[in-house]
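# Fold and geometry: a report
Listed here are the chains, written in short residue letters.
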Amino acid sequence: MAKHSPVIGRYVTIDVDGCEYKVFYLQNGQGVPLVCQHTAGCHNHQWRDLLEDEEITRHYNVIAYDLARHGKSDPPLNKEWWKEEYRLTADHYVNFIVAFCDALELKNPIFMGSSFGGNVALQLALRKPDRFRAVIPVEAAAHAPGFFLDVWRHPHANAAQVCASGVWDLMAPQSPDRDRWLTWHYYTQGSEAFRGDLYFYSVDHDLRDSLAKIDTRRCPVVMMTGTYDYLTPPDATEKTAAGIPGGIYIEMEDIGHFPMSENYPVFRVYLREALRIIRERTG
Amino acid sequence: MDIRDWAIRYAEASDADPTIGAMARYFTCTYLFDMSDAKAIVEMVDGKVHRINIAPQPMDPWDFALRASAQTWREFARAVPRPMFHGIWAASFRRDLRIEGNTLVLMQNLRNFTLQFELLRKVGVPV
């Protein structure tokens, strides 16, 4: 008897700012859509354990997509993308997510993302508060400078290993070896996109002067950061949440920058709390 | 721990580590550990510790160096380091670790060097 997972994968083609993207996503569950964004230079398999968490999928339609240029989502099919340096902008990133949610006809989804996915969750709360039921920015901050580095794709080094081992100590030493090495493995696969993603993460994303404009009555914001995250340390997230009227901050003990991927049993405790808060606020 | 004993333990741990051994063939570089109260230059050749110079002189060469206070090195050596002492990136972003020299060589050997650095949690430090 074959041991199949309940998770299914599909492609959907969308148009974003004139770019034709054939987007791959994984889906399982029913109820409130919970749209999940992976971290920079990675892909949707980071959400593998959430996608199979029966307690969550009983009430939530979990959808984890690959952003264009990541995993099984190709670069734009109608562009000569190889002739330009890839630099992800906040505008394009927001438009991509909205176009994806529109294509799947998702009503009032919750958006959750980690790292550069967490930062775009803040952008969505600011720009599209009526399109999303709530956002859960994980390992995010109003501003995250310092990681847009040339070394991620330097031709004299093994970019796959530089990216994978360069993010190694973004994870907590307590996280299980198996899951830390899986995360390392994923990071060997996305080195060409990593640096371009980090243009958004460290350069184009800067909401330091805009936090007070986020309306959490229309779109609640529940931020979560792990104590071992050196890139977006807990105090950076706490300060960001404090700058958002009604913003909520949850600190996650003994976990790092890739919580859903490096130690899901710990992460799910905090995620359930975040979802409980959102239920209370949105019904 | 005497730095001589440390060097022996560090070399033995590194040479016996199966995760380093799995991809060690081209792990060749020379680096300085500057622990303030102790210094050592580690010379790696094809994945094995070729030599550890426990009394470096000013003109002794290295590719890259890691410099921090003795207290930071003791934090690195905890079995489970506290946050921000759990790696060279964390400690250079948030604590007093300075990475100097030809960092491209560090990047070329990053997978194995990262694993080797974490051996300090088992081996300890001589400061």
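So, here is what we can say about the structure in this document. Only a predicted model underlies this, so the values are computations on that prediction, with no experimental measurement involved.

## Some remarks on the overall build of chain B
In terms of regular secondary structure, chain B is built from seven helices and five strands. Traced from its N-terminal end to its C-terminal end, chain B shows the element sequence α-α-β-β-β-β-α-α-β-α-α-α. In terms of overall size, chain B behaves like a compact globule, its C-alpha atoms giving a radius of gyration of 13 Å where 127 residues would be expected to give roughly 14 Å. When its C-alpha atoms are laid out on the principal axes, chain B stretches across 30 × 30 × 30 Å. Taking all contacts inside chain B whose residues are at least 6 apart in sequence as the whole, residues at least 24 apart take part in 66%. Entry remark: accessible area of chain B is about 5,900 Å², with carbon and sulfur atoms responsible for 51%.

## Focus: the pattern of salt bridges
In this structure the tally under the stated criterion is 27 salt bridges over all chains. A:Asp177 serves as the salt-bridge partner of A:Arg180, at 2.9 Å between the closest nitrogen and oxygen. Of this pair, A:Arg180 and A:Asp177 both sit in helix H6 (residues 177-187), three residues apart, which is roughly one turn of that helix. Judged by its relative accessible area of 48%, A:Asp177 falls in the partly exposed class. The closest approach of N and O atoms between B:Glu75 and B:Arg82, which form a salt bridge, is 2.8 Å.

## Quick word on helix H3 (residues 90-103) of chain A
All names here are of chain A. If you check H3, its first and last C-alpha atoms are 20 Å apart, about what 14 residues at 1.5 Å a residue would give, namely 20 Å. Across the 14 residues that make up H3, a large majority, 10, are buried. Those residues of H3 not exposed but buried are Ala 90, His 92, Tyr 93, Val 94, Phe 96, Ile 97, Val 98, Ala 99, Phe 100 and Cys 101. Looking one or two residues beyond H3, the residue adopting positive phi is Glu 105, at roughly 50°.

## Quick look at the interface of chain A and chain B
Chain A puts 26 residues into the contact, and the matching count from chain B is 23 residues. Carbon and sulfur atoms supply 69% of the area buried between chain A and chain B, which totals about 2,000 Å² over both sides. Interface area lost by chain A to chain B is led by A:Asp169, A:Tyr228 and A:Tyr230, which between them contribute 29%. Seen at the junction of chain A and chain B, the total is zero salt bridges. Counting across the chain A and chain B interface gives nine residue pairs in polar contact (both at pLDDT 80 or more).

## Quick look at the pairing of strand E4 (residues 60-65) of chain A
Regular strands place their side chains on alternate faces of the sheet. Residue and element names in this part refer to chain A. Among the six residues that make up E4, six are buried, leaving the element largely enclosed by the rest of the structure. Burial along E4 is two-sided: the residues Tyr 60, Val 62 and Ala 64 and Asn 61, Ile 63 and Tyr 65 are all buried. Sheet analysis places strand E2 (residues 19-29) next to E4, joined by five bridges and oriented antiparallel. Within E4, the residue paired with Tyr 25 across the bridge is Tyr 65. Relative to E4, strand E3 (residues 32-37) is paired through six bridges, and the arrangement is parallel. What sits directly across from Leu 34, in E4, is Val 62.

## Points about the environment of B:Asp96
All names here are of chain B. Within the secondary structure, Asp 96 is located in the loop between helix H4 (88-94) and strand E5 (98-101). Taking the relative accessible area as the measure of exposure, Asp 96 reaches 34% and is therefore partly exposed. In this structure, the C-alpha to C-alpha distance between Asp 96 and Arg 67, residues 29 residues apart in sequence, is 8.2 Å. Looking at Asp 96, its side chain comes within polar contact range of the side chain of Ser 69, at 2.8 Å.

## Details of the packing of aromatic side chains
With the rule as written, the count across this model stands at 38 aromatic pairs over all chains. Between A:Tyr11 and A:Phe24, the aromatic rings sit 5.2 Å apart at their centres with planes inclined by 55°, giving tilted as the arrangement. With A:Tyr11 in strand E1 (residues 8-16) and A:Phe24 in strand E2, this pair connects stretches of sequence that are 13 residues apart. On the basis of an interplanar angle of 85° and a centroid distance of 4.8 Å, the ring pair of B:Tyr31 and B:Phe113 is categorised as edge-to-face. Of this pair, B:Tyr31 sits in strand E1 (residues 29-34) while B:Phe113 sits in helix H6 (residues 110-118); the two residues are 82 residues apart in sequence, bridging distant segments of the chain. Three or more aromatic residues joined by ring pairs make a cluster, and in this case those are B:Trp6, B:Tyr10, B:Tyr31, B:Phe33, B:Phe64, B:Trp73, B:Phe76, B:Phe113 and B:Phe117. Lying across the ring of A:Tyr11, A:Lys22 places its NZ or CZ 5.1 Å from the centre. Taking NZ or CZ as reference, A:Lys72 lies 5.4 Å from the ring centre of A:Phe24, over its face.

## Thoughts on the sheet that holds strand E2 (residues 39-45) of chain B
All names here are of chain B. What the five strands build is an open sheet, ordered E3-E2-E1-E4-E5; its pairing is mixed. For this open sheet the edge positions go to strand E3 (48-53) and E5, each flanked by a neighbour on one side alone. With strand direction ignored, the average angle separating the axes of adjacent strands in the sheet is 20°. Direction of pairing for strand E4 (residues 64-67) relative to E5: antiparallel, over a ladder of four bridges. Paired with Leu 66 across the strands is Ile 99, a residue of E5. Contacts from H6 reach E1, E2, E3 and E4, with the element oriented near 35° to E1.

What counts as what
Residues numbered from 1 in each chain as written. Chains lettered and ligands numbered in written order. Predicted model: local features only at pLDDT ≥ 70, side-chain atom pairs only at ≥ 80, totals over all residues. Heavy atoms only, no water. Helix = DSSP H or I, 4+ residues; strand = E, 2+ residues; numbered from the N terminus. Rg over C-alpha atoms; globule rule 2.2 N^0.38 Å. Contact = heavy atoms within 4.5 Å. Areas by Shrake-Rupley, 256 points an atom, 1.4 Å probe, with all protein chains shown as cover. Salt bridge = Lys/Arg side-chain N within 4 Å of Asp/Glu carboxyl O. Buried < 20%, exposed > 50% of the residue type's maximum accessible area, 1.4 Å probe, protein only. Expected span 1.5 Å × (residues − 1). Buried area = accessible area lost by both parts, 1.4 Å probe. Polar contact = N/O pair within 3.5 Å; in protein donor to acceptor, adjacent residues only side chain to side chain. Pairing = 2+ DSSP bridges. Phe/Tyr/Trp six-rings, centres within 6.5 Å; stacked < 30°, edge-to-face > 60°. Lys NZ or Arg CZ within 6 Å of the ring centre and 35° of its normal. Axes fitted to C-alpha atoms, helices over the stretch in contact; angles between N-to-C directions.

Geometric values such as these leave the question of function open.
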